[in-house]
Amino acid sequence: MNNKEIEQLNAAMKETSDKRLYERYLAVRLRLEGHSFEAIGVLLGRIRQTISIYWQNYQEKGLTGLEMDHSPGKPPKLTEEQRLQLAAMLEQKQPADVGFEARYTWTLPLVKEWIQREFDVTMGVRGISAMLKRMNFSFKSITYYLRTNR
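Report on the accompanying structure. (Residues numbered from 1 in each chain as written. Predicted model: local features only at pLDDT ≥ 70, side-chain atom pairs only at ≥ 80, totals over all residues. Heavy atoms only, no water.)

1. A short note on helix H2 (residues 19-32)
For the record, the criterion: Each helix is a run of DSSP H or I of at least 4 residues and each strand a run of E of at least 2, with the numbering of both proceeding from the N terminus. Expected helix span is computed as 1.5 Å times (number of residues minus one). We call a residue buried when its accessible area falls under 20% of the maximum for its residue type, exposed when it is over 50%, and partly exposed in between, using a 1.4 Å probe and counting protein chains only. Contacts are residue-level and defined by heavy atoms, with any inter-residue pair within 4.5 Å sufficient. Two N or O atoms count as a polar contact when they lie within 3.5 Å, although within protein this holds only if one can serve as hydrogen donor and the other as acceptor, and sequence-adjacent residues are included solely when both atoms are side-chain atoms.
Here H2 is 14 residues long and its end C-alpha atoms lie 20 Å apart, about the 20 Å a rise of 1.5 Å per residue gives. Inspection of H2 places Leu 21, Glu 23, Arg 24, Tyr 25, Leu 26, Ala 27, Val 28, Leu 30 and Leu 32 among the buried residues, and these make up the whole buried set. Residues of H2 that are buried in the fold lie against helix H1 (3-15), helix H3 (37-44) and helix H4 (48-61). Residue Asp 18 occupies the N-cap position of H2, its side-chain oxygen lying 2.9 Å from the main-chain nitrogen of Arg 20.

2. Re the environment of Glu 118
Tracing the backbone shows Glu 118 in helix H6 (residues 108-119). Taking C-alpha positions, Glu 118 is 9.3 Å from Gln 82, a pair spaced 36 residues apart along the chain.

3. Examining the packing of H6 against helix H7 (residues 125-134)
Selection criterion: Helix axes use the C-alpha atoms of the stretch in contact, all axes being lines fitted to C-alpha atoms, and the angles between their N-to-C directions lie in the range 0 to 180 degrees. Oblique is the label for any angle not covered by the other classes, which are roughly parallel (under 35 degrees), roughly antiparallel (over 145) and roughly perpendicular (65 to 115). Under this grouping Gly is polar, as are all residues other than the nonpolar Ala, Val, Leu, Ile, Met, Phe, Trp, Tyr, Cys and Pro and the charged Asp, Glu, Lys and Arg.
Running from amino to carboxyl end, H6 crosses H7 at an angle of 95 degrees, the nearest separation of the two axes being 9 Å. What the angle tells us is that H6 and H7 run roughly perpendicular. Along the contact surface, H6 presents Leu 108, Pro 109, Val 111, Lys 112 and Ile 115, while H7 presents Val 125, Ile 128, Ser 129, Met 131 and Leu 132. In terms of residue class, the contact of H6 with H7 is made up of 8 nonpolar, 1 polar and 1 charged.

4. Some details on the packing of H2 against H4
In contact at an axis separation of 9 Å, H2 and H4 are set at 85 degrees when each is read in the N-to-C sense. Relative to H4, the element H2 lies roughly perpendicular. Contacts between H2 and H4 involve Glu 23, Arg 24, Ala 27, Val 28, Arg 31 and Leu 32 on the former and, on the latter, Ile 51, Tyr 54, Trp 55 and Tyr 58. Broken down by class, the residue content of the contact of H2 with H4 amounts to 7 nonpolar, no polar and 3 charged.

5. Regarding the pattern of salt bridges
What counts, and what does not: One side-chain nitrogen of Lys or Arg within 4 Å of one carboxyl oxygen of Asp or Glu is enough to make a salt bridge.
All chains considered together, the criterion is met by 5 salt bridges. In this structure, the salt-bridge partner of Arg 83 is Glu 80, at a minimum N-O distance of 2.7 Å. In this pair, Arg 83 and Glu 80 both sit in helix H5 (residues 80-92), 3 residues apart, roughly one turn of the helix.

6. Remarks on the nonpolar core
Applied cut-off: Buried residues of nine kinds, namely Ala, Val, Leu, Ile, Met, Phe, Trp, Tyr and Cys, make up a nonpolar core once their side-chain atoms join them within 4.5 Å.
Counting 19 residues, the largest nonpolar core has Leu 9, Tyr 25, Val 28, Leu 32, Ile 51, Tyr 58 and Leu 66 as its most contacted members. At the level of elements, H1, H2, H3 and H4 are the ones that each hand at least two residues to this core. It is H2 that contributes the most residues to this core, 7 residues altogether. Judged by nonpolar contacts, the second largest core, of 17 residues, contains Leu 78, Leu 86, Ile 115 and Met 123.

Written as structure tokens, this is what we have:
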């Protein structure tokens with residue numbers, strides 16, 4: 001067990017605010033302390049191969065080998081062409097125009113149903129909401145006013 005390396009890892013763990021990087025530092029520290037890849041994987045909720053990759057990257061490049069480029073996230077569920085088709089439909093048509101019961105405003109559940117019907121893609125309303133925000137759509141809430149007779 002190399003105390004100097006463990007001290008460096010402890011210092012790096014204190015300095016980082018990145019949860020994923022902290023986890024990689026911790027995995028390497030546990031390995032330096034003699035734990036197996038399997039035991040570390042169980043502790044951190046990762047598969048053995050992931051812990052092995054962390055260790056290999058550390059062996060090759062030190063602490064910088066544990067840093068990760070930006071994670072791109074999941075690929076989008078709708079293609080660019082499908083998003084353009086969705087945008088055009090939302091801008092130009094009302095729900096009744098595309099076969100829904102006579103409704104004049106689009107809601108997330110209606111958009112969800114339309115996406116399922118048109119593209120055979122299942123999305124949650126939160127995912128649709130986030131996608132529409134990225135597409136520069138905004139939501140307006142309908143407000144009801146009490147009308148008084150004067």
